Amino acid sequence: SSRARWAMAVGREPSDPTDAHRYVLGLGSNSRPESNLPAALRRVARLATIERVSAAWGSPPVGHAGPHYVNAAALVRSPLPAEALTLGLKRIEAA
């Protein structure tokens, strides 16, 4: 369950759901972004409540050749502290 994952990540249960932190996440992909960005958002939703997602925009790669990136930003709310959320997000990125 998500409560169990949360407890494993931070070692305790949330005391109050209104006790959540708000974060702005940057998302981007230059490899199949039409499927990777929605998949990433579905995974983020396991860690946080997604409140808003921006429109997507494109940008060229910096420092290397390759396809353009498709980027977006998401406003999320989570009881996870920043360190635990970052750990979860790094796992999503590595998947």
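Per the secondary structure count, the chain includes three helices and four strands. N-terminal to C-terminal, the α/β element order of the chain is α-β-α-β-β-β-α. A burial count over the chain gives 25% of its 95 residues as buried. When contacts within the chain are restricted to residue pairs at least 6 apart in sequence, long-range pairs at least 24 apart make up 67% of them. Surface summary for the chain: the accessible area is close to 6400 Å², and the carbon and sulfur share equals 56%.

Taking 1.5 Å of rise per residue, 13 residues should cover 18 Å, and helix α3 (residues 82-94) covers 18 Å from first to last C-alpha, within 8% of that figure. Listed in full, the buried residues belonging to α3 are Ala84, Leu85, Gly88 and Ile92. Around the axis of α3, the buried residues are gathered within 100° of arc, so they sit on the same side. Pointing more than 90 degrees away from the buried face of α3 are the exposed residues Glu83, Lys90, Glu93 and Ala94.

Moving on: the nonpolar core. Judged by nonpolar contacts, the single largest core of 14 residues is most densely connected at Tyr23, Leu25, Leu27, Val44, Ala74 and Val76. At four residues, helix α2 (residues 33-44) tops the list of elements feeding residues into this core. Setting aside its immediate chain neighbours within four residues, Val44 contacts Leu25, Ile50, Val76, Leu89 and Ile92.

The terminal C-alpha atoms of α2, which comprises 12 residues, lie 16 Å apart, in line with the 16 Å expected from a rise of 1.5 Å per residue. Of all the residues in α2, the buried ones are Pro33, Leu37, Ala39, Ala40, Leu41 and Val44.

This part is about unusual backbone geometry. The phi dihedral of Arg32 is positive, around 50°, even though this residue is not glycine. Judged by relative accessible area, which is 54%, Arg32 ranks as exposed.

Tracing the chain through its elements places Arg77 in strand β4 (residues 69-78). Separated by 27 residues in the primary sequence, Arg77 and Ile50 place their C-alpha atoms 6.5 Å from one another. If near-sequence neighbours (up to four positions away) are discounted, Arg77 is found in contact with Ala20, His21, Arg22, Ala48, Thr49 and Glu51.

Turning our attention to the confidence of the model for the chain. With 80% of its residues at a pLDDT of 70 or more, the chain shows a mean pLDDT of 85. Taken together, the stretch residues 1-14 has pLDDT below 50 and engages in 18 contacts with residues farther than four places along the chain or on a different chain.

Conventions and cut-offs
- Residues numbered from 1 in each chain as written.
- Predicted model: local features only at pLDDT ≥ 70, side-chain atom pairs only at ≥ 80, totals over all residues.
- Heavy atoms only, no water.
- Helix = DSSP H or I, 4+ residues; strand = E, 2+ residues; numbered from the N terminus.
- Buried < 20%, exposed > 50% of the residue type's maximum accessible area, 1.4 Å probe, protein only.
- Contact = heavy atoms within 4.5 Å.
- Areas by Shrake-Rupley, 256 points an atom, 1.4 Å probe, with all protein chains shown as cover.
- Expected span 1.5 Å × (residues − 1).
- Arc of directions from axis to C-beta.
- Core = buried A, V, L, I, M, F, W, Y, C linked by side-chain atoms within 4.5 Å.
- pLDDT = per-residue confidence, 0-100.

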